[in-house]
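Listed below, chain by chain, are the residues.
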Amino acid sequence: YDVTDSVTVGGELRRDKEDRSQYSVPAGAASLQEGTFKYTTWRFHVDYAFTPSQRFYASAAKGVISGYFNPTFDAVARLPVPAELQTYQPATNKTYELGWKAEWLDRRLSSELSVFLIDYTGIQISATPPAPLITNLIQNLGGAEAKGFELALNYSVSEAWRLGMTYSYSPTAFDSGTPDPGVARYCGNAAGLAAGFCPSLTFRGALLPDVSGQSLPRAPEKLASAYASFAKALNGEW
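Keep in mind that this is a model prediction, so the values were computed, not measured. (Residues numbered from 1 in each chain as written. Predicted model: local features only at pLDDT ≥ 70, side-chain atom pairs only at ≥ 80, totals over all residues. Heavy atoms only, no water.)

Student: Mind laying out unusual backbone geometry, listing which residues take part and the relevant values?
Tutor: In this model, Leu105 sits at a positive phi of 50°, which is unusual for a non-glycine residue. Counting through the fold element by element, Leu105 comes out in the loop between strand E8 (91-104) and strand E9 (109-121). In this structure Leu105 comes out as exposed when scored by relative accessible area, which is 55%. Its identity is not glycine, yet Asp106 carries a phi of approximately 55°, on the positive side. Here Asp106 shows up in the loop between E8 and E9. On the basis of relative accessibility, which here comes to 75%, the residue Asp106 falls in the exposed class. (Helix = DSSP H or I, 4+ residues; strand = E, 2+ residues; numbered from the N terminus. Buried < 20%, exposed > 50% of the residue type's maximum accessible area, 1.4 Å probe, protein only.)

This is how it looks when you write it as structure tokens:
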């Protein structure tokens, strides 16, 4: 909705219902696991045109990774998986962003700078299950936060050549009190935890690694990319 010639507001709302299933083989006979996952996602934004070539924006959005199923039977321990661990729930994140888009040099150079905060809850972690189970299970364990900035530049050198780059800095950290049983093997298991090889906390009656303040796995703090493109018409159709 255009509030004025310079200000635009917008919103999006989405409701999802997913019927999901998988076959599990507990002890030679397949059984069907079924479940329904419902969730709502949304996004709201405000755009402000400071000049025809400079715009500012603010947005807030919610995202979801749907839930699914763990096996019903631990084939290694030869034990059934507790009913409450046979299904893991959706994980959510809320993203808050402020940005500035601008064009320069007669619109041959464009830039976009944004700062953001992402709040994760109910993270799905492949983790060691409670004893006496052995095989890893996906579990909703704790939360995390990411915050940083991203810069993107695109420059038209000529009608045929175009150059561009992006750079982002986004450190991540698990929230206070987040356990990750899957880390136990790197801390010397239970004996290593007791010896103080890594911080620990009591979770479901067991002593487990406390990953509070640690970075999320596979989440690099710095990312950069660059490209060059060349486009030329070969004939009227190519």
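So that's the structure; there's more coming.
Student: Now, about the environment of Leu163: what can you tell me, with residues and values included?
Tutor: Relative to the assigned elements, Leu163 resides in strand E13 (residues 161-169). Leu163 sits 64 residues away from Tyr227 along the chain, and the two C-alpha atoms are 5.8 Å apart. Discounting residues that sit within four places of it in the chain, Leu163 has contacts with Leu153, Asn154, Tyr155, Val157, Tyr227 and Ala228. (Contact = heavy atoms within 4.5 Å.)

Student: Please set out the packing of aromatic side chains residue by residue, giving values where relevant.
Tutor: Overall, the coordinates contain 10 aromatic pairs when judged by the stated rule. With centroids separated by 6.4 Å and ring planes inclined at 45°, the aromatic side chains of Phe149 and Tyr169 adopt a geometry described as tilted. Residue Phe149 is located in strand E12 (residues 143-156), and its partner Tyr169 is located in strand E13; the two are separated by 20 residues in the primary sequence. A centroid spacing of 5.0 Å and a plane angle of 50° characterise the contact between Trp161 and Phe230, whose relative ring orientation is tilted. With Trp161 in strand E13 and Phe230 in strand E17 (residues 222-230), this pair connects stretches of sequence that are 69 residues apart. (Phe/Tyr/Trp six-rings, centres within 6.5 Å; stacked < 30°, edge-to-face > 60°.)

Student: Give me the lowdown on the pattern of salt bridges, citing residues and values where you can.
Tutor: Using the criterion set out here, one finds 5 salt bridges in the structure. A salt bridge links Arg14 to Asp16, with the shortest nitrogen-to-oxygen separation between them at 3.0 Å. Residue classification places Arg14 among the exposed residues on the basis of a relative accessible area of 53%. Looking at Asp16, the relative accessible area reads 13%, which means it is buried. Glu103 is the partner of Arg107 in a salt bridge, and the nearest nitrogen-oxygen pair spans 3.1 Å. With a relative accessible area of 54%, Arg107 lands in the exposed category. (Salt bridge = Lys/Arg side-chain N within 4 Å of Asp/Glu carboxyl O.)

Everything listed is a geometric property; what it means functionally is a separate question.
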